[in-house]
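Geometric and topological summary
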Amino acid sequence: MAQYLLKMIQPVGEVPDQSVLGPVMEKLGAIQQELAAQNSWVFGGGLHQPEAASMVRPGSSGPVVTDGPFAEGAEFVGGVTIIDVADLDEALRWAGRYVEVTGLATEVAPFIAGMPGTEARQQA
C-alpha cells in the first residue's frame, strides 16, 4: 500500500452557498466512508480562504510571522485528503470521484509518511 495526498484546488474568493455545499459535503462523506470501509482513509479536511493563513519565515533574530498566504494567486488548496491505496492508478480513480463530486481540480501526489528516510527502516 502507498499513501497519496489529494489536494482540491479551489478558486480564491468563491465560497459556495450552503444549498450547494451541503449536498457536496454529503457526497464527500459517502466517499470517505467507502475509503474507510476498505481501510484506505487516513486523513482529510478543508481549509479556509488564503487570507486566513499566516506565514512563518526564517529571520535574522528568529522566526518572523506575517499575515496572509505565501503567494498571491487565483487558486489555493481548499482541502486535502490522504489515502492509503495499492498504487497511483487507484489514487487517480479516487481523485476522479472527488472531482466528479466537487467540480474542483485535484492534484495527486505521493505522500511520505513520517520522517524522510524512515521508509526503509519501516520495511526492514
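Residues numbered from 1 in each chain as written. Predicted model: local features only at pLDDT ≥ 70, side-chain atom pairs only at ≥ 80, totals over all residues. Heavy atoms only, no water.

Description of the layout of surface pockets
Of the voids in this model, the largest pocket is the one considered here, and its volume is about 640 Å³. Contributing to the lining of the largest pocket are 26 residues, with Q10, L21, M25, L28 and G78 lying nearest its centre. Of all the secondary structure elements, the ones that give two or more residues to the lining of the largest pocket are β1 (2–11), α1 (18–37), β2 (41–46), β5 (75–85) and α2 (88–102). Residue contributions to the lining of the largest pocket peak at 7 residues, all from α1. The class makeup of the residues in the lining of the largest pocket is 14 nonpolar, 11 polar and 1 charged. What the second largest pocket holds in volume is close to 210 Å³. (1 Å grid on protein atoms, 1.4 Å probe; cavity = no way out; pocket = protein on both sides within 12 Å on 5 of 7 lines; lining within 4 Å. Points joined across faces, edges and corners; volume = space filled by probe spheres on them. Helix = DSSP H or I, 4+ residues; strand = E, 2+ residues; numbered from the N terminus. Nonpolar A, V, L, I, M, F, W, Y, C, P; charged D, E, K, R; others polar.)

With respect to α2
Counted at 1.5 Å a residue, the expected span for α2 with its 15 residues is 21 Å, and the 21 Å between its end C-alpha atoms agrees. In this fold, the buried residues of α2 make contact with β1, α1, β2, β5 and β6 (105–110). Near the N-terminus of α2, the side chain that reaches the backbone nitrogen of D89, with its oxygen 3.3 Å away, is that of D87. Just downstream of α2, G103 is the residue with a positive phi angle, here 75°. (Expected span 1.5 Å × (residues − 1). Contact = heavy atoms within 4.5 Å. Polar contact = N/O pair within 3.5 Å; in protein donor to acceptor, adjacent residues only side chain to side chain.)

Thoughts on the nonpolar core
In this structure, L6, I31, L35, I83, V85, W94 and Y98 are the most contacted members of the largest nonpolar core, which totals 14 residues. Going through the elements one at a time, β1, α1, β5 and α2 are the ones with two or more residues in this core. Once residues lying within four places of it in the same chain are set aside, the contact partners of L6 are G79, V80, T81, I83, A91, A95, Y98, T106, E107 and V108. (Core = buried A, V, L, I, M, F, W, Y, C linked by side-chain atoms within 4.5 Å. Buried < 20%, exposed > 50% of the residue type's maximum accessible area, 1.4 Å probe, protein only.)

What to know about the pairing of strand β3 (residues 54–57)
One ladder, built from 4 bridges, connects β3 with strand β4 (residues 64–67); its direction is antiparallel. Each residue of the ladder has a partner; that of V56, found in β4, is V65. The turn joining β3 and β4, which pair antiparallel and follow one another in sequence, is formed by 6 residues; a positive phi near 125° is taken by G62. (Pairing = 2+ DSSP bridges.)

A word on the pairing of β5
With 9 of 11 residues buried, β5 is to be regarded as a mostly interior element. Examined bridge by bridge, β2 and β5 share 5 bridges and lie antiparallel to one another. Each bridged residue has a counterpart across the sheet, and for G45 the counterpart in β5 is V80.

Digging into the environment of E107
Within the element layout of this structure, E107 appears in strand β6. Look past the residues within four positions of E107 in its chain and what remains in contact with it is L5, L6 and K7.

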